[in-house]
Amino acid sequence: MNKSPSAPARIVIASRESRLALWQAGHIQVRLSELHPHCRVEILGMTTRGDQILDRPLSQIGGKGLFIKELEVAMQEGRADLAVHSLKDLPMEMPDGFSLTAIPQRENPRDAFVSNRYEGLDALPADALVGTSSLRREAIVRAGYPQLRVEPLRGNLDTRLRKLDEGQYDAIILAAAGLIRLGLSERIKAILTPEQSLPAPGQGALAIEVLSSRADAAAWLAPLNDSETAHCVRAERAFSRALGGSCQVPLGGYARMENGVLWLRGFVATADGRQRVSGELRGAPDEDESIGQRLAQQLRDRGAGAILAALAAGQ
């Protein structure tokens, strides 16, 4: 096989140093090595501020951007060519000078119920303690299971599982994709349906970020993009962006293709889950961002604006 004219001699991937992040970077490393067999593909592991601050909920310390800043600096300084992220960790507005270049095929986007003693949320006794890192999941649990307690759960995947195993929680809720990718599917007691727990925008998908000026890097990465996944997550992110989606907003957005039609479902809720506005919209895949924006407007028209205003006033 001849060397591709677009491939350099060396490609460096910036990644967080958690086991899951390194698995994700390694997955892209293998894919790039297959595409460009004469290229040396390396991983630059880094610790971000989001990894360092574990004693407070993410919504209180600055949001998702804390997981990507150091990786972006490495790209700006020329120490890395691209960064691999969990897409749901990316802010809804990309920083100036950076582009979301490729979105590979998505893993299972749903939430997973994990417990050493109970088979599902319905089996938990009153006053059982559920751990979660997301306001979205917290609102869902509080609304559907008011008899349960919910407390924040920070740390990487292994840390969260260790806290469960130590008995600090009766159950925890995690993204199924991370457990599957690390070969931990046996820890999953139940996969929650979208009707039970609508996923977060981008959940289960990876994102490859490059400098906007790096047309060469975009060319190397183009074959990794999965158009169906990309259309779905663009709709989800547009929906979230139009509602000011962040770690401070309990919001779900999930799209899937059904017979060639993009079907987007979304909701926004108060932190206690008592108020919730939800809806759905279908359309052509090429209208992905428009579908997201229109669904967000429909929810605003039905009362989501008041919920968002109340959330903002409480911060």
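Everything that follows concerns the structure shown earlier in this document.
**Student:** Please clarify how the sheet that holds strand S11 (residues 251–258) should be interpreted in this entry.
**Tutor:** Strand order in the open sheet formed by three strands is S11-S12-S13, and the pairing between neighbours is antiparallel. Each edge of the open sheet is held by one strand with a lone partner, namely S11 and strand S13 (276–283). Taking each pair of neighbouring strands and ignoring which way they run, the sheet shows an average axis angle of 10 degrees. Together, S11, strand S12 (261–269) and S13 form the strand contacts of helix H4 (residues 135–144), whose direction differs from that of S12 by roughly 75 degrees.

**Student:** Got a minute to help me understand the nonpolar core in this structure?
**Tutor:** Buried together is how nonpolar side chains tend to be arranged in soluble globular proteins. Among the nonpolar cores identified, the biggest contains 21 residues, and Phe 239, Leu 243, Leu 262, Leu 264 and Leu 299 are the most heavily contacted of them. A per-element tally of this core places helix H9 (residues 288–314) first, with eight residues. Every residue in contact with Leu 264, bar those within four places of it in the chain, is listed here: Ala 235, Glu 236, Phe 239, Tyr 254, Ala 255, Gly 279, Glu 280, Leu 281, Ile 291, Gly 292 and Leu 295. In this structure, Ile 11, Ile 13, Ala 25 and Val 210 belong to the second largest nonpolar core, which totals 17 residues.

**Student:** Help me understand the side chain of Gln 203, please; the structure alone is not making it clear to me.
**Tutor:** For Gln 203, the location among the structural elements is in the loop between strand S9 (190–191) and strand S10 (206–211). A distance of 3.2 Å separates a polar atom in the side chain of Gln 203 from a polar atom in the side chain of Arg 136.

**Student:** Teacher, can you tell me more about the pairing of strand S7 (residues 149–152) here?
**Tutor:** Successive side chains on a regular strand alternate, one facing one side of the sheet and the next facing the other. Where strand S6 (residues 129–132) and S7 come together, four bridges link them in parallel fashion. Bridge assignment links Leu 129 to a residue of S7, and that residue is Arg 149. For the handedness criterion, the β-α-β arrangement of S6, H4 and S7 is classed as right-handed.

**Student:** Help me out: how do you make sense of the pairing of S6 in this one?
**Tutor:** Side chains of S6 alternate between two faces, with Leu 129 and Gly 131 and Val 130 and Thr 132 buried alike. In this sheet, strand S8 (residues 171–175) lies alongside S6 in parallel orientation, the contact comprising two bridges. Paired with Gly 131 across the strands is Ile 172, a residue of S8.

**Student:** Please clarify how helix H3 (residues 69–76) should be interpreted in this entry.
**Tutor:** Turn by turn, an α-helix covers 3.6 residues, leaving residues three or four places apart pointing in a common direction. Those residues of H3 not exposed but buried are Leu 71, Glu 72, Ala 74 and Met 75. For H3, the arc enclosing every buried residue in end-on projection is 155 degrees, short of the 170-degree limit, so these residues lie on one face. For H3, the elements touching its buried residues are strand S1 (10–16), strand S2 (40–46), strand S3 (82–86), strand S4 (98–102) and S10. Taken from the residues just after H3, Gly 78 is the one with a positive phi, measuring 80 degrees.

**Student:** Before we go on, may I ask you to explain the environment of Gly 303 in this structure?
**Tutor:** With respect to the helices and strands, Gly 303 occurs in helix H9. Given a relative accessible area of 27%, Gly 303 falls into the partly exposed group. Along the chain, Gly 303 and Val 268 lie 35 residues apart, while their C-alpha atoms are 9.7 Å from each other.

Calculation criteria
- Residues numbered from 1 in each chain as written.
- Predicted model: local features only at pLDDT ≥ 70, side-chain atom pairs only at ≥ 80, totals over all residues.
- Heavy atoms only, no water.
- Pairing = 2+ DSSP bridges.
- Helix = DSSP H or I, 4+ residues; strand = E, 2+ residues; numbered from the N terminus.
- Axes fitted to C-alpha atoms, helices over the stretch in contact; angles between N-to-C directions.
- Contact = heavy atoms within 4.5 Å.
- Core = buried A, V, L, I, M, F, W, Y, C linked by side-chain atoms within 4.5 Å.
- Buried < 20%, exposed > 50% of the residue type's maximum accessible area, 1.4 Å probe, protein only.
- Polar contact = N/O pair within 3.5 Å; in protein donor to acceptor, adjacent residues only side chain to side chain.
- Right-handed = clockwise from strand over helix to strand, strands pointing away.
- Arc of directions from axis to C-beta.

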